[in-house]
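# Residue-level structure breakdown
Here's the letter readout for the chains.
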Amino acid sequence: LAIGSYNNSQQNNLSFADPNSVSSIEATVTLLEGSVTGAGTAKARLAGRWYNDGTPGGGFTGDVYAEIDLWAAPGVLKGWWYVGKYTGESDTTISQLAAGDFTQPIAMGTPYTLYIGYDGASKFTFRIGAETITYHGPSRAGDPQRPWKGLGVRTQINNASSSCYVAATFDNVHKNEGLYDDFSSGTIDSSKWTDYEFVREIADGKLRSKTVSSTGSTPDVALNNAL
């Protein structure tokens, strides 16, 4: 797939089946490997659109988004948190409200417990291990217009001389402080998650391609990173 313009991002998400029922997400996240060159970033994240602040408009307008990441750039590996708000109908209109780094050192191949929680009003709590950060967003008016919460990986390159790759694992996912999925079954549970199972990778000198679908799956596959 040729890249037509920059900035260019690709993502691979596993989405909760009932996002408005999710007030907190916790998971054990491990960056297995990655490569970032030039003006690029890569991350493994827990994320979602949590509520709407009542800004008039359709689409994504007024939805408040927050995520916690294991974040990589050339020469940088860190924990990071972010809160933003959509100012228009398109998902490209998001504007940063606040963001920051964790002091917890991050290393490839090491599992970390990531947590993001929302108190139902305006307060977000972000945690990696024992380190906790809180932030108050705008006042809540109601549920998000485009509800979504999930976990996954994302890469972004900002020019033609940059490249990104990331592979990560997620385990022991907790929803609202209780165990939600430890991925002990042979396939993704379609009663808990809305996405296809999707694999595209080079293994032993061959392209390995696999997809599994069900009536609970989203209607298309646009996934280009390893989850």
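Refer to the structure presented above.
Small disclaimer: the values here were computed from a predicted structure and weren't measured.

### Overview of the sheet that holds strand 8 (residues 123–128)
- If you walk across this open sheet you meet the 6 strands as 9-8-7-2-11-12, and the pairing is antiparallel. In this open sheet, the two edge strands, each paired with only one partner strand, are strand 9 (131–136) and strand 12 (178–181). The sheet shows a mean angle of 30° between the axes of neighbouring strands, direction not considered.
- Note: strand 2 (residues 24–37) against strand 11 (residues 163–175), 11 bridges, orientation antiparallel. Within strand 11, the position partnered with Ile25 by the bridge is Lys175.

### Some points on the pattern of salt bridges
- Applying the stated criterion across every chain, the model contains 7 salt bridges.
- With a shortest N-O distance of 2.6 Å, Asp143 and Arg140 are connected by a salt bridge.
- Residue Asp143 is classed as partly exposed on the basis of its relative accessible area of 45%.
- For Arg140, a relative accessible area of 32% translates into the label partly exposed.
- Each member of the salt-bridge network shares a partner with another, and the members are Lys43, Arg45, Glu67 and Asp69.

### Examining the nonpolar core
- Counting 39 residues, the largest nonpolar core has Leu46, Phe124 and Phe126 as its most contacted members.
- Counting only elements with at least two residues in this core, the list comes to strand 2, strand 3 (40–52), strand 4 (63–73), strand 5 (76–86), strand 7 (111–118), strand 8, strand 10 (148–157) and strand 11.
- Ranked by size, the runner-up nonpolar core spans 9 residues in total, among them Ala47, Trp71, Trp80 and Trp148.

### Let's talk about the sheet that holds strand 4
- Taken together, 6 strands build an open sheet; the order of strands is 1-10-3-4-5-6 and the sheet is antiparallel. With partners counted over all chains shown, the strands left at the sheet margins are strand 1 (8–15) and strand 6 (94–101), one partner each. Direction aside, neighbouring strands of the sheet carry axes that sit 25° apart on average.
- Bridging between strand 1 and strand 10 involves 8 bridges; their strand directions are antiparallel. Across the sheet, Ser9 pairs through a bridge with Gln156, a residue of strand 10.

### Quick look at unusual backbone geometry
- The residue after Tyr6, namely Asn7, is reached through a cis peptide bond having omega 10°.
- Residues other than glycine seldom take positive phi values, yet Asn176 does so here, at roughly 55°.
- Looking at the secondary structure, you find Asn176 in the loop between strand 11 and strand 12.
- Of note in the backbone geometry, Glu177 takes a positive phi value of approximately 75° without being a glycine.
- Inspection of the secondary structure puts Glu177 in the loop between strand 11 and strand 12.
- Judged by its relative accessible area of 54%, Glu177 is exposed.

The rules we used
- Residues numbered from 1 in each chain as written.
- Predicted model: local features only at pLDDT ≥ 70, side-chain atom pairs only at ≥ 80, totals over all residues.
- Heavy atoms only, no water.
- Pairing = 2+ DSSP bridges.
- Helix = DSSP H or I, 4+ residues; strand = E, 2+ residues; numbered from the N terminus.
- Axes fitted to C-alpha atoms, helices over the stretch in contact; angles between N-to-C directions.
- Salt bridge = Lys/Arg side-chain N within 4 Å of Asp/Glu carboxyl O.
- Buried < 20%, exposed > 50% of the residue type's maximum accessible area, 1.4 Å probe, protein only.
- Core = buried A, V, L, I, M, F, W, Y, C linked by side-chain atoms within 4.5 Å.

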